[in-house]
Each structure stands twice: as structure tokens, then as C-alpha cells.
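Each chain, written out:
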Amino acid sequence: MVFLVLSGLATGLSWLCYFRALQLGQASRVAPVDKLSVVFAIVLAALVLHERLNWHHYLGGSLVVAGAIVLAWA
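Fair warning: this is a prediction, and the values are worked out from it, not measured in the lab.

Novice: I keep staring at the pattern of salt bridges and nothing clicks. Help me out?
Specialist: One side chain can pair with another of opposite charge once the charged atoms of both are near each other. Inspection of every chain in the model, using the stated rule, returns 1 salt bridge. A salt bridge links K35 to D34; the shortest N-O distance between them is 3.8 Å. Judged by relative accessible area, D34 falls into the partly exposed class, the value being 30%.

Novice: When you look at unusual backbone geometry in this model, what are you seeing that I'm missing?
Specialist: A negative phi angle is the norm for most residues apart from glycine, just as the trans form is the norm for most peptide bonds. Phi at H50 takes a positive value of approximately 55 degrees, unusual for a residue other than glycine. Its location among the elements puts H50 in the loop between α3 (37–47) and α4 (55–73). Classification of H50 by relative accessible area gives exposed; the value is 62%.

Novice: Got a minute to help me understand the packing of aromatic side chains in this structure?
Specialist: Each aromatic ring pair is characterised by the separation of its centres together with the angle its planes make. Considering all chains together, one arrives at 3 aromatic pairs under this definition. Relative to F19, the ring of W15 has its centre 5.4 Å away and its plane inclined at 35 degrees; by these criteria the two rings are tilted. Placement of both W15 and F19 in helix α1 (residues 2–24) is noted, with a separation of 4 residues, approximately one turn of the helix. For the pair Y18 and F19, a centre-to-centre distance of 6.0 Å together with 55 degrees between the ring planes defines the contact as tilted. On the basis of relative accessibility, which here comes to 45%, the residue F19 falls in the partly exposed class. Joined through ring pairs, the aromatic side chains of W15, Y18 and F19 make up one cluster.

Novice: Explanation requested: the packing of α1 against helix α2 (residues 27–35) in the structure shown.
Specialist: Any two packed helices are characterised by the angle at which their axes cross and by the distance between the axes. The geometry of α1 relative to α2 is characterised by a closest axis approach of 8 Å and an angle of 150 degrees between their N-to-C directions. The angle between α1 and α2 falls in the class roughly antiparallel. Every pair of crossing elements has a handedness; the one defined by α1 and α2 is right-handed. Between α1, through Y18, A21 and L22, and α2, the contact on the second element is made entirely by A27, V30, A31 and D34. Along the lines of polarity and charge, the residues of the contact of α1 with α2 split into 6 nonpolar, no polar and 1 charged.

Cut-offs used in this document
Residues numbered from 1 in each chain as written. Predicted model: local features only at pLDDT ≥ 70, side-chain atom pairs only at ≥ 80, totals over all residues. Heavy atoms only, no water. Salt bridge = Lys/Arg side-chain N within 4 Å of Asp/Glu carboxyl O. Buried < 20%, exposed > 50% of the residue type's maximum accessible area, 1.4 Å probe, protein only. Helix = DSSP H or I, 4+ residues; strand = E, 2+ residues; numbered from the N terminus. Phe/Tyr/Trp six-rings, centres within 6.5 Å; stacked < 30°, edge-to-face > 60°. Axes fitted to C-alpha atoms, helices over the stretch in contact; angles between N-to-C directions. Parallel < 35°, antiparallel > 145°, perpendicular 65-115°, else oblique. Left-handed = near helix turned anticlockwise from the far one by under 90°. Contact = heavy atoms within 4.5 Å. Nonpolar A, V, L, I, M, F, W, Y, C, P; charged D, E, K, R; others polar.

Pasting the structure below:
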């Protein structure tokens, strides 16, 4: 139960920070950074949880990073 509450608090704070970033910056620059959370989740799953990654994970993570870079430089 404690972890559910902590997860809810972290999610709420994350959304507040996201909306504040949208107020301060352009959405075309804020959104790509937000999408990098998927890559962080893949990396942490491999490092902390010792999940085995296959080529789908590497390809998907690489495409997300490439898309974030393209959108940030546009």
C-alpha cells in the first residue's frame, strides 16, 4: 500500500512538472524530453531488474531517442 501511495505522489508531481515545463517552454521541445522516460524505463529494467533485452527493445529505444533528437533540433 505504501508503494501505491508513493507511486501516486510521484506521478502527480511528474505531471505538475510537465505542465510547468509546458508553460515555460515550447511544447515541441518539452514533449520529446518527456518521451525519453520510455528509454529510461528500458535501461532501468535491464540494470535493476536484470530483464533480458532483445533486438525489439534496442530498436524501439533507439527510435525513441532518434525521434526526440530530431524534434528537439527542429
